[in-house]
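Overview (structure and organization)
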Amino acid sequence: MTVPAESAISERAIVIAAQRGSDEAFAALVRLHQRRAYAVTRAIVLSHEDAEDAVQEGFLHAHRALDRFRPDQPFGAWLYRIMANAALDLVRRRKVRDADELPESIPMPFRDPAESGELRERLQAALTRLTDRQRAVIVMHDVEGFTHGEIGRTLGIPEGTARSDLHHARAALRRLLQDIRSTS
Amino acid sequence: MTHDRWTNGDSELTDALRVLYAAPAEESYWNALEARILDYVARCDERSVWWTELADMIRPGLIAAAALILAASLAMARSEQLEARNAYATLIAPSPASVEPSTRAASVGDGDMAIHYLLSR
C-alpha cells in the first residue's frame, strides 16, 4: 500500500484541487481510490451490494469533509478510515433492521462439503459468527494484504489489537469449519 | 486419506477467503461504480444546497412569525385589559333607575313613590 513519492505529490495536488472545488479532481480521487475503498468496505460488510453502498456513502462523507483534510497527511489513510466508518454504520443499520437472530449453530450438510458452492456457503456462515472487527481484520489482512498497522489506522484500533483480532478470527474460523474434511 | 482442511495451515483458509471476497475484475464495473459515486455525490450536494437555501428562508420567516405572534398576544392582552376596565366602570357607575326611588323614599308618599318608580322605568 506504499505510494511512491512522485505519485504522492501528484495526489496531493489533486487533493488540493478537489478542496478548491474541482469536480474533475474529485473524480480523479474516486478513480484512484475506489478499488481500495471497496476492499475496505467489503471486509466489513457481508455482501458485495452493501460494500458498494458503503463506498458510495463514504465518498459522499469524504467530499463533504474534504475542506477539513490537511493535505500534508496521507489521503488514503484518511479516506479509508471514512470508508470503514461508513461500512460500520451500514452494518449497524442492517443489524437494527434485520433483528432476526442468527441460528445458534451453522447447519451441517450431509453432502460432500468439498463442493465449492457449499464450502463457500459454510465459510460465509462462519464469517458471520465472527465479530464485525475480527471479520474486517482477517479479510483486510489475508485478502487485501493490509499490514497490521494499516488495519489499525483504518479501523481506529491499536496495531496490537489488530494482531490479536487476526489471531482470534483465524482460530474461530478453524474451530467453526473443523468438520469440513476433504479427501486427498 | 482424509485430512482436516484447516489444520494444514492457514493457506487454504486464505485461498477460500480470497475467492469469497474477490473484487470484480472488469474495468467496465469500476467505470460504472465511479459514475454511480459521482452521480450520488452530485445529487446529494444539490439536495444539500436546496436545504441550505430553504433553511436560509425559514430563519427570517420564523422570526417574522414569532414577531406576529408577539404583537397579536400584546393586542389581545390590551383589549382584555380595556374590556375589564369598561366592565369595572359600568359596575361602579351610579344607576339612575335604582338610586332615585330609594333616595326620595323618605320625602314622598307610597302612591307618589309608585308613580315615580313606574315613570323611571
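Everything numeric here is computed off the predicted structure, so don't read it as measured data.

Another aspect to go through is the environment of Asp142 of chain A. When you line up the elements, Asp142 of chain A lands in helix α6 (residues 132-143). Spatially, the C-alpha atoms of Asp142 of chain A and Leu166 of chain A are 9.2 Å apart, while their sequence positions differ by 24 residues. Apart from residues no more than four positions distant in its own chain, Asp142 of chain A is found in contact with Leu166 and Arg170 of chain A together with Thr14, Leu17 and Arg18 of chain B.

Attention now moves to the nonpolar core. Residues and elements named next belong to chain A. Counting 64 residues, the largest nonpolar core has Phe59, Trp78, Leu123 and Leu155 as its most contacted members. Sort the elements by how many residues they give to this core and helix α4 (residues 75-97) lands first, with 10 residues. Not counting chain neighbours up to four residues away, the residues in contact with Leu155 comprise Ile44, Arg81, Ala84, Arg133, Ala136, Val137 and Met140.

Turning to the confidence of the model for chain B, a few remarks are in order. All names here are of chain B. Taken over all residues, the pLDDT of chain B has a mean of 78, while the share at 70 or more is 77%. Strand β1 (residues 2-4) is the least confidently modelled element of chain B, averaging 39 in pLDDT, while helix α2 (residues 27-92) averages 86, the highest of any element. Below pLDDT 50 for its whole length, residues 1-7 participates in 27 contacts with residues either more than four positions away or in separate chains. Interface predicted TM-score (ipTM) for the complex: 0.75; the corresponding pTM is 0.65.

Before going further, it helps to spend a moment on empty space enclosed by the protein. Summed over the entire model, instances satisfying the criterion amount to 1 cavity of 30 Å³ or more. Estimates place the volume of the largest cavity at around 40 Å³. What lines the largest cavity is Arg42, Leu46, Gln124 and Leu127 of chain A together with Leu20 and Tyr21 of chain B. Looking at side-chain class alone, the lining of the largest cavity contains 4 nonpolar, 1 polar and 1 charged residues.

We now examine the interface of chain B and chain A. Taken together, the contact pairs 30 residues of chain B with 41 residues of chain A. Taking both sides of the interface into account, the surface hidden between chain B and chain A amounts to around 3700 Å²; carbon and sulfur atoms contribute 59%. Counting across the interface, chain B meets chain A through 5 salt bridges. Close ionic contact of Arg64 of chain A with Asp45 of chain B constitutes a salt bridge, the shortest N to O distance being 3.8 Å. Along the contact surface separating chain B from chain A lie 13 residue pairs in polar contact (both at pLDDT 80 or more). Elements supplying a minimum of two residues to the side of chain B that touches chain A: β1, α1 (11-20) and α2 of chain B. It is α2 of chain B that provides the largest number of residues to the side of chain B that touches chain A, a total of 13 residues. Among the residues forming the side of chain B that touches chain A, the class breakdown is 18 nonpolar, 4 polar and 8 charged.

We now examine the side chain of Asp142 of chain A. For Asp142 of chain A, a relative accessible area of 3% translates into the label buried. One polar contact links Asp142 of chain A to Arg170 of chain A, side chain to side chain, over a distance of 2.8 Å. A distance of 3.4 Å separates a polar atom in the side chain of Asp142 of chain A from a polar atom in the side chain of Thr14 of chain B.

At a minimum axis distance of 9 Å, the contact between α6 of chain A and α1 of chain B shows a crossing angle of 95 degrees. Our classification of the angle between α6 of chain A and α1 of chain B gives roughly perpendicular. Contact residues: Ile138, Asp142 and Val143 of chain A in α6 of chain A; Thr14, Leu17 and Arg18 of chain B in α1 of chain B. Grouping the amino acids of the contact of α6 of chain A with α1 of chain B by side-chain chemistry returns 3 nonpolar, 1 polar and 2 charged.

Among the surface-exposed residues, Tyr88, Leu91 and Ile92 of chain B lie close enough to one another that they form a single nonpolar patch of about 390 Å² accessible area. Among the secondary structure elements, Ile92 of chain B is positioned in helix α2.

Because an α-helix packs 3.6 residues into every turn, residues spaced three or four apart end up facing the same way. Along its 18 residues, helix α3 (residues 48-65) of chain A runs 25 Å from first to last C-alpha, staying within 8% of the 26 Å computed at 1.5 Å per residue. Considered for burial, the residues of α3 of chain A that qualify are Asp50, Ala51, Glu52, Ala54, Val55, Gln56, Gly58, Phe59, Leu60, Ala62 and Ala65 of chain A.

Another point: the packing of helix α2 (residues 23-44) of chain A against α6 of chain A. Residue and element names in this part refer to chain A. α6 packs onto α2 with a crossing angle of 140 degrees between their chain directions and a minimal axis gap of 7 Å. Put simply, α2 runs oblique to α6. Relative to α6, the crossing made by α2 is right-handed. Between α2, through Val40, Ala43 and Ile44, and α6, the contact on the second element is made entirely by Arg135, Ala136, Val139 and Met140. Counted by class, the contact of α2 with α6 contains 6 nonpolar, no polar and 1 charged residues.

Before going further, it helps to spend a moment on the packing of aromatic side chains. Scanning the model with the defined rule gives 6 aromatic pairs over all chains in all. Ring plane angle 90 degrees and centroid distance 6.3 Å describe the contact between Phe26 of chain A and Phe59 of chain A, whose orientation is recorded as edge-to-face. Pair noted here: Phe26 of chain A is in helix α2 and Phe59 of chain A is in helix α3, with a separation of 33 residues, a long-range link. Each of the two residues, Phe26 of chain A as well as Phe59 of chain A, counts as buried. Linked through ring pairs, Tyr38 of chain A together with Tyr29 and Trp30 of chain B together constitute an aromatic cluster.

Basis of the calculations
Residues numbered from 1 in each chain as written. Chains lettered and ligands numbered in written order. Predicted model: local features only at pLDDT ≥ 70, side-chain atom pairs only at ≥ 80, totals over all residues. Heavy atoms only, no water. Helix = DSSP H or I, 4+ residues; strand = E, 2+ residues; numbered from the N terminus. Contact = heavy atoms within 4.5 Å. Core = buried A, V, L, I, M, F, W, Y, C linked by side-chain atoms within 4.5 Å. Buried < 20%, exposed > 50% of the residue type's maximum accessible area, 1.4 Å probe, protein only. pLDDT = per-residue confidence, 0-100. 1 Å grid on protein atoms, 1.4 Å probe; cavity = no way out; pocket = protein on both sides within 12 Å on 5 of 7 lines; lining within 4 Å. Points joined across faces, edges and corners; volume = space filled by probe spheres on them. Nonpolar A, V, L, I, M, F, W, Y, C, P; charged D, E, K, R; others polar. Buried area = accessible area lost by both parts, 1.4 Å probe. Salt bridge = Lys/Arg side-chain N within 4 Å of Asp/Glu carboxyl O. Polar contact = N/O pair within 3.5 Å; in protein donor to acceptor, adjacent residues only side chain to side chain. Axes fitted to C-alpha atoms, helices over the stretch in contact; angles between N-to-C directions. Parallel < 35°, antiparallel > 145°, perpendicular 65-115°, else oblique. Patch = residues over 30% accessible without salt bridge, like charges linked within 9 Å, V, L, I, M, F, W, Y side chains within 5 Å. Areas by Shrake-Rupley, 256 points an atom, 1.4 Å probe, with all protein chains shown as cover. Expected span 1.5 Å × (residues − 1). Left-handed = near helix turned anticlockwise from the far one by under 90°. Phe/Tyr/Trp six-rings, centres within 6.5 Å; stacked < 30°, edge-to-face > 60°.

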